[in-house]
Amino acid sequence: MAAAPPSCCLVAFPPRAKDGLVVFGKNSARPRDEVQEVVYVPAADHEPGSKVECTYISIDQVPKTHAIVISRPAWLWGAEMGANEHGVCIANEAINAREPAAETEALLGMDLVRLGLERGSAAKEALDVIVALLEEHGQGGNYYEDPASCHSFQSAYLIVDREEAWVLETVGRYWAAQRVTEGVKCICNQLSLTTKIDAEHPELRSYAQSQGWWTGEDEFNFSEVFSPADDPPHCCAGKDSLEKQEESITVQTMIDVLRDKASGVCIDSESFLTTASAVSVLPQSRSSPCIHYFTGTPDPSRSIFKPFIFVDDVKLVPKVQSPCFGDEDPAKKEPRFQERPDRRHELYKAHEWARAVIASDQEQGRKLKKTMLGLEKQGLEAMEEILASSEPPDPAEVGDLFYDCVDTEIKFFK
């Protein structure tokens, strides 16, 4: 069984989070050379009987999909993490379970992230969407752009809105979920649900019994029943880092935790790298907008978190979108992945220079990092003003927000 990439996603609720804000964060650990892009997809109406082409399979489309912004590996359809116009955020984790994940192509966990965002206007509704699609289509297929072997995983999800979060953990078509409304919650690349389960597949327990994994007499503990025998004790470095914070948790706190390599939250190993990161702040007061920050570049400790706010007329940002290869994309042709096209977008290429400078030149690297953090701070302070204001933000100004931040970052690197 291939090792699941050691990603991490977190949420903090008031009063641990500051000022009536729900703060959500995700580091996406993926193969080191994989490119992630940030894509905005507007809300849309769809013809009856139309299909949506996911990474490997097509499924029935729904009459209406919500506007979404997602960070995704550039070769696939789904998303590692993202948000929709209703203040729902979802991230997923690849996990190993006692039952090996199917190699047969079906929906990827990342497809289900995007489908949940496009179809769910609240966290619970997104959960219901995901488990219904899981039941209908199953999950399976290669998680990596790798022609040599199939890396397939089960999936866990953190689904968050302004009021609650749901941790959803899946094994094949079976699942369990826990509702969270307070404190700090983290999910990593292991099953974490134990005996507190608030919703589950109707045949979950009978399936566990039929496999000989649960007697039916002991208390049902989901992760004990479904984790692989050699799984180490569950440990989430992100949760430990957040719980150590003495002050209230802010966007800056979450960003700092995601940047922490010493704790293991920020991955930079021989096989894996944090290839993209995201933080969202969801005010519990509906008069304030949700704000979503994306890096669109690898290694959050050397990246700038850039803000995005949903409005009716969001300016598209081609500079953080990878080249499109259409039907000629090696990910779409079978056998898959026979070639590796250059998927780097303009921001990624500009940022490669910055990463090289920071890695090789101590003095210049320090100065560069300081300037990058200064740029980020300007954005964070401007967003704090929007959250503190009693007036809604001017749509004309925030519609260009992410575009302008990406543009400024590229010009700065040049």
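Preceding this paragraph is the structure being described.
Let us look at the structure shown here.

Cut-offs applied
- Once a new chain begins, its residue numbering starts again from 1 and follows that chain's sequence as written.
- The predicted nature of this model means local features are confined to residues of pLDDT at least 70 and side-chain atom pairs, given and counted, to a pLDDT of 80 or more, with totals for whole chains, interfaces and linings taken over all residues.
- Side-chain metrics rest on all non-hydrogen atoms present in the structure, leaving aside hydrogens and water.
- By convention in these notes, a salt bridge is any Lys or Arg side-chain nitrogen within 4 Å of a carboxyl oxygen on Asp or Glu.
- Only protein chains enter the accessibility calculation, which uses a 1.4 Å probe; a residue is then buried when its area is under 20% of its type maximum, exposed when over 50%, and partly exposed in between.
- Comment: elements are numbered from the N terminus, with helices defined as DSSP H or I runs of at least four residues and strands as E runs of at least two.
- By definition in these notes, contact holds between two residues if any of their heavy atoms fall within 4.5 Å.
- Residues grouped as a nonpolar core are buried Ala, Val, Leu, Ile, Met, Phe, Trp, Tyr and Cys residues, joined through side-chain atoms within 4.5 Å.
- Only strands that DSSP links by at least two bridges are regarded as paired with each other.
- In this description, a line fitted to the C-alpha atoms serves as the axis of each element, helices being fitted only across the stretch in contact, and the angle between N-to-C directions of two axes falls anywhere from 0 to 180 degrees.
- Both cavities and pockets are sets of points on a 1 Å grid over the protein atoms alone; in a cavity a 1.4 Å probe fits but cannot get out, in a pocket the set is open with protein on both sides within 12 Å along at least five of seven lines, and lining residues sit with an atom within 4 Å of a point.
- Grid points are joined across faces, edges and corners, and a volume is the space filled by probe spheres set on the points.

Side chains carrying opposite charge are able to pair once their charged atoms draw close together. Tallied over the entire structure, the rule returns 32 salt bridges. With a shortest N-O distance of 3.9 Å, K18 and D19 are connected by a salt bridge. When its relative accessible area of 60% is taken as the criterion, D19 is described as exposed. A salt bridge links K261 to D268, with the shortest nitrogen-to-oxygen separation between them at 3.1 Å. Note on K261: relative accessible area 31%, which makes it partly exposed. Exposure remark for D268: the relative accessible area of 37% places this residue in the partly exposed category. A cluster of three or more residues bridged by salt bridges with shared partners is formed by R32, K261, D268, D299 and R302.

Another point: the side chain of S303. For S303, the position within the fold is in the loop between β17 (291–294) and β18 (306–308). Residue S303 is classed as buried on the basis of its relative accessible area, which comes to 3%. Setting aside anything within four residues of it in sequence, one finds S303 in contact with R259, T295, T297, P298, H351, M372 and E376.

This paragraph deals with the nonpolar core. Membership of the largest hydrophobic core comes to 91 residues, with the highest contact counts inside it found for L158, F220, F222, F226, V279 and Y293. When neighbours within four sequence positions are excluded, F220 is seen to be in contact with T194, T195, I197, L204, R205, A208, W214, V225 and F226. With 30 residues, the next largest nonpolar core counts L107, W166, A177 and A199 among its residues.

The sheet built from 6 strands is open, its strands ordered β14-β1-β2-β16-β17-β18 with antiparallel pairing. For this open sheet the edge positions go to β14 (184–187) and β18, each flanked by a neighbour on one side alone. Going from strand to strand, the sheet's axes swing by 15° on average, the running direction of each strand aside. Sheet analysis places strand β16 (residues 272–283) next to β17, joined by 4 bridges and oriented antiparallel. From the neighbouring strand, A278 faces β17, where its bridge partner is F294. Most of the contacts of helix α8 (residues 362–388) go to β17, to which it runs at about 170°, and overall it touches β16, β17 and β18.

Rolled over the atoms, a probe sized like a water molecule indicates the empty space that remains. Per the stated rule, a full pass over the model turns up 2 cavities of 30 Å³ or more. In this structure, the largest cavity occupies an estimated 110 Å³ of space. Along the wall of the largest cavity there are 17 residues; nearest its centre are F308, V314, K315, V317 and F402. Contributions of two or more residues to the lining of the largest cavity are made by β3 (36–41) and α10 (401–413). Looking at the second largest cavity, its volume works out to about 50 Å³. Around the second largest cavity sit P5, S7, K26, A29, R30, E80, N92, E93, A94 and Y143, which together line it.

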